[in-house]
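Report on the structure
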Amino acid sequence: MGGLYNVAVVGATGAVGNMMVEVLQERNFPVNNLKLLASERSAGSAMLFQGKSHKVELLTPESFEDVDVALFSAGGSVSKEFAPIAAESGAVVVDNSSAFRMDPDIPLVVPEVNPHQIGAYRNRGIIANPNCSTIQMVVALKPIYDAAGIERIVVSTYQAVSGTGKRAIQELQDQSVSIFNFKPIKSEVYPHQIAFNCLPHIDVFLENGYTKEEMKMVNETKKILEDASIRVTATTVRVPVFYSHSESVNVETKKKITVQEVRDILSKAPGVVVVDDPGKNLYPLAIDAAGKDETFVGRIREDESIEKGINLWVVADNIRKGAATNAVQIAEILVKEYF
């Protein structure tokens with residue numbers, strides 16, 4: 001097979017779905033027919049793609065006839081119900097929810113890290129897109145892992161509100177305006193005020209005291225790097241930033257690796273941009289990463305408290321590389337190498 005492909009975007013009107021459509025256009029994905037699918041709430045609206053207006057259709061079990069690739073970003077319950085239906089109809093699903101990520105027979109893919117896993121889509125017709133925070137971290141860590149091995153990762157995240165969706169973006173805007181106008185603050189999306197605040201709480205709390213988001217980072221990292229022996233601990237924090245997640249990553253390697261070696265390795269790594277000149281106040285910033293597809297790494301320094309430790313500051317656009325772009329990159333390799 002070759003040429004053009006019929007593509008469906010499920011959850012097309014959400015923050016990530018919107019961006020998937022944009023990225024398909026930007027990267028000139030070989031689209032023959034684009035089908036935009038959403039719930040009853042959004043069906044009937046229209047979106048532009050390649051200069052033409054496309055009507056958003058209601059998602060039904062019959063939506064996937066003649067679809068080659070289905071990009072899903074409509075939440076776990078929708079994916080659980082409709083991804084197997086899409087796969088049975090002959091589409092290959094790239095799913096952005098957490099529904100299938102830890103299924104042993106479903107590949108969990110970051111194209112710069114483990115593209116060889118894409119072929120395992122044949123198991124069930126589904127490829128999982130990892131969590132946004134995990135994606136940017138493993139893009140930065142894979143080259144270090146290959147060079148020196150990794151014993152342990154300690155990560156703290158500073159995550160933008162866009163990770164929660166359009167309503168959260170609006171809530172941060174509205175709360176900020178209310179504060180400046182001395183009006184009462186309304187918190188509906190988050191349990192506390194997010195404007196001018198940090199919430200150490202992303203997703204639900206589990207019995208072990210970690211949140212689901214934290215455990216996603218722990219488990220997904222091991223699966224993507226194909227190494228269950230790596231010890232990972234995470235603290236995930238929501239911050240009043242619109243786009244781009246930032247992460248403080250502490251890595252204990254198996255072999256000693258110098259700061260200069262890390263800089264050199266990352267400078268050549270796919271999808272990584274090193275921004276690391278503290279003397280000139282140059283380090284990755286969320287506002288600079290927004291709208292870009294690369295993962296930015298800086299503040300590279302030795303952890304002086306242990307023998308083989310490196311600290312990194314890792315920033316990427318959570319809606320693009322953390323979701324939409326990663327999914328489209330997977331689809332690009334899929335149609336190029338497997339169709």
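1. A closer look at the side chain of S63
Here S63 shows up in the loop between β4 (52-58) and β5 (69-72). Looking at S63, its side chain comes within polar contact range of the main-chain nitrogen of T60, at 2.9 Å. When neighbours within four sequence positions are excluded, S63 is seen to be in contact with K35, L37 and L58.

2. Looking at unusual backbone geometry
Negative phi is the rule for most residues except glycine; trans is the rule for most peptide bonds. At F196, a residue that is not glycine, the phi angle is positive and equals roughly 55 degrees. Overall, F196 belongs to the exposed group, its relative accessible area being 56%. Positive phi, normally seen in glycine, also occurs at R299, with a value near 50 degrees. Within the secondary structure, R299 sits in strand β12 (residues 295-302).

3. A short note on the pairing of strand β3 (residues 46-49)
Burial along β3 is one-sided: M47 and F49 are buried, while A46 and L48, pointing the other way, are not. Summarising the sheet, β3 and β4 pair through four bridges and their orientation is antiparallel. If you follow F49 over to β4, its bridge partner there is K52. Adjacent in sequence and paired antiparallel, β3 and β4 are bridged by two residues, among which Q50 carries a positive phi angle near 50 degrees.

4. Some remarks on the nonpolar core
Where a protein is soluble and globular, its nonpolar side chains tend to be buried together. Ranked by size, the top nonpolar core spans 54 residues in total, and within it F64, F72, L141, I153, V249 and L312 carry the most contacts. Residue contributions to this core peak at nine residues, all from helix α3 (residues 132-148). For L312, the contacting residues outside a window of four places in its chain are L141, I144, E247, S248, V249, V251, V262, L266, V297, G298, R299 and I300. In this structure, Y5, V9, V21 and L71 belong to the second largest nonpolar core, which totals 37 residues.

5. Some remarks on the sheet that holds strand β9 (residues 231-238)
Pairing is mixed across the open sheet formed by six strands, whose spatial order is β9-β8-β10-β13-β12-β11. In this open sheet, the two edge strands, each paired with only one partner strand, are β9 and β11 (272-274). Taken pair by pair, the neighbouring strands of this sheet meet at an average axis angle of 20 degrees, ignoring direction. Sitting on the sheet, helix α5 (residues 212-224) touches β8 (150-159), β9 and β10 (245-253), and the angle it makes with β9 is about 140 degrees. The strands touched by helix α6 (residues 259-267) within the sheet are β11, β12 and β13 (309-316), with β12 carrying the most contacts at an inclination of about 170 degrees.

Calculation rules
- Residues numbered from 1 in each chain as written.
- Predicted model: local features only at pLDDT ≥ 70, side-chain atom pairs only at ≥ 80, totals over all residues.
- Heavy atoms only, no water.
- Helix = DSSP H or I, 4+ residues; strand = E, 2+ residues; numbered from the N terminus.
- Polar contact = N/O pair within 3.5 Å; in protein donor to acceptor, adjacent residues only side chain to side chain.
- Contact = heavy atoms within 4.5 Å.
- Buried < 20%, exposed > 50% of the residue type's maximum accessible area, 1.4 Å probe, protein only.
- Pairing = 2+ DSSP bridges.
- Core = buried A, V, L, I, M, F, W, Y, C linked by side-chain atoms within 4.5 Å.
- Axes fitted to C-alpha atoms, helices over the stretch in contact; angles between N-to-C directions.

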